[in-house]
Amino acid sequence: MIGCAGIAELLVFHPVDTTAKRLMSNYGRITSLSQLNSVVFKDQAQASIPRRFISLFPGLGYAAAYKVLQRVYKYGGQPFARDYLSKHHGNWFDTTFGRGNGKAMMHATAGSLIGIGEIVLLPLDVLKIKRQTNPEAFRGRGVVKIVADEGFGLYRGWGWTAARNAPGSFAVCLFIYFWMLAFLTHHSSSEVQP
C-alpha cells in the first residue's frame, strides 16, 4: 500500500513540480498561451495532449530514487536517532521539558536531526531539477559523467535545505507524536471495560 502511495505521489505531483520548475526558470514575460505552452512543454508544445503530458516526466528516475531513499532514511533513521537521544540525553529532555513533554521534544529533535541529514540525498534532487529544466544538457552523458562533471556542485543549496528541513521535520514529528498520543489516549479510554 505504501508503494502505491509513492507511485501515486510521483504520477500526480511530478508533472506539477516540472511545470513549476520550468516556469520559475523561465526568463522573460509570458504574454500568450502559445508562449506558455512552449515554456511548460518545451519542444513538445505543438505535440498531441498525451505527448505533452509525457513530456512533464523528465527526471522521473531521479525523483523516484530520491523519494524511496528519502522515505527509507527518514522513517528508518528517526527511531535510531530517537533511541540515541533517549539513551544519552533522555534525562536532560525530561528535566528540561517535563516527563511527558520531554519525550515529545526528544522525538521532534530526532526528526529534526534526520531532516538535516537528508542533505546527503540532495544530488538526486538537483539532478531531477536539471532534467526538468534543461534536459538537453543530459544528452549523450551518463549519470557517472554528469556526477564527475558537477562534483560537489550537486550540493549547492545544502545550507538552505538544512535550514528548511530542521524546523519542518521537528514540527512534523512533534505533531505526529501529540496526534498519536491523543488518538491512543482517546481510543483506550473509549473501550468498554468488561
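These numbers were taken from a predicted model, which means no experiment stands behind them.

J.: So what's going on with the overall build of the protein chain? Which residues, and what values?
T.: A count of helices and strands for the protein chain gives eight helices and zero strands. Each helix (α) and strand (β) of the protein chain, taken in turn from the N terminus, gives the series α-α-α-α-α-α-α-α. For the protein chain, whose C-alpha radius of gyration is 22 Å, the value lies well above the compact-globule estimate of 16 Å for 194 residues. Residues classed as buried in the protein chain amount to 32% of the 194 residues present. For the protein chain, restricting intrachain contacts to residue pairs at least 6 apart in sequence, the fraction spanning at least 24 positions comes to 73%. Accessible area for the protein chain stands at about 12,600 Å²; split by element, carbon and sulfur atoms hold 68% of it. Each charge class in the protein chain was averaged separately, 21 positive and 11 negative side chains, and the resulting centres sit 5 Å apart.

J.: Please give an account of the side chain of Ser169 that cites residues and values.
T.: Mapped onto the secondary structure, Ser169 falls in helix 8 (residues 158–190). Dropping the residues within four chain positions of it, Ser169 is found in contact with Lys74, Ala108, Gly111, Ser112 and Gly115.

J.: So what's going on with the packing of helix 4 (residues 60–97) against helix 6 (residues 122–133)? Which residues, and what values?
T.: As a packed pair, helix 4 and helix 6 sit with axes 8 Å apart at the nearest point and diverge in direction by 155 degrees. On the basis of their axis angle, the class for helix 4 and helix 6 is roughly antiparallel. The handedness of the crossing between helix 4 and helix 6 comes out as left-handed. Contact with helix 4, carried on its side by Tyr62, Ala63, Ala65, Tyr66 and Leu69, involves Leu124, Asp125, Leu127, Lys128 and Arg131 of helix 6 and no other residues of that element.

J.: Could you give me a rundown of helix 4, with the residues and numbers involved?
T.: For helix 4, with 38 residues, the first-to-last C-alpha span of 43 Å runs short of the 56 Å given by 1.5 Å per residue. Along its length, helix 4 shows its largest kink, about 80 degrees, at His89. Turning to helix 4, its buried residues number three or more, namely Tyr62, Ala63, Tyr66, Gln70, Gly77, Gln78, Ala81, Leu85, Gly90 and Phe93. Directly beyond the C-terminal end of helix 4, a positive phi value near 95 degrees is found at Gly98.

J.: I'd like to hear about the packing of aromatic side chains, residue by residue, with values.
T.: What characterises a pair of aromatic rings is the spacing of the ring centres plus the angle enclosed by the ring planes. Inspection of every chain in the model, using the stated rule, returns seven aromatic pairs. A centroid spacing of 5.9 Å and a plane angle of 85 degrees characterise the contact between Trp92 and Phe97, whose relative ring orientation is edge-to-face. An aromatic cluster of at least three residues, connected via ring pairs, comprises Trp92, Phe93 and Phe97. Its end group placed over the ring of Phe41, Arg52 keeps NZ or CZ at 5.6 Å from the ring centre. One cation-aromatic arrangement involves Arg131 over Phe138; the distance from NZ or CZ to the ring centre is 5.4 Å.

J.: Requested: an account of the environment of Leu127, with residues and values cited.
T.: Of note, Leu127 is situated in helix 6. Separated by 115 residues in sequence, Leu127 and Val12 have C-alpha atoms that sit 20 Å apart. Discounting residues that sit within four places of it in the chain, Leu127 has contacts with Tyr62, Phe138, Ile146 and Leu154.

Analysis parameters
- Residues numbered from 1 in each chain as written.
- Predicted model: local features only at pLDDT ≥ 70, side-chain atom pairs only at ≥ 80, totals over all residues.
- Heavy atoms only, no water.
- Helix = DSSP H or I, 4+ residues; strand = E, 2+ residues; numbered from the N terminus.
- Rg over C-alpha atoms; globule rule 2.2 N^0.38 Å.
- Buried < 20%, exposed > 50% of the residue type's maximum accessible area, 1.4 Å probe, protein only.
- Contact = heavy atoms within 4.5 Å.
- Areas by Shrake-Rupley, 256 points an atom, 1.4 Å probe, with all protein chains shown as cover.
- Lys, Arg positive; Asp, Glu negative; His and termini not counted.
- Charge placed at Lys NZ, Arg CZ, Asp CG, Glu CD.
- Axes fitted to C-alpha atoms, helices over the stretch in contact; angles between N-to-C directions.
- Parallel < 35°, antiparallel > 145°, perpendicular 65-115°, else oblique.
- Left-handed = near helix turned anticlockwise from the far one by under 90°.
- Expected span 1.5 Å × (residues − 1).
- Bend = angle between axes of the 7 residues up to and from the residue.
- Phe/Tyr/Trp six-rings, centres within 6.5 Å; stacked < 30°, edge-to-face > 60°.
- Lys NZ or Arg CZ within 6 Å of the ring centre and 35° of its normal.

Bear in mind that shape data such as this cannot, by itself, settle questions of function.
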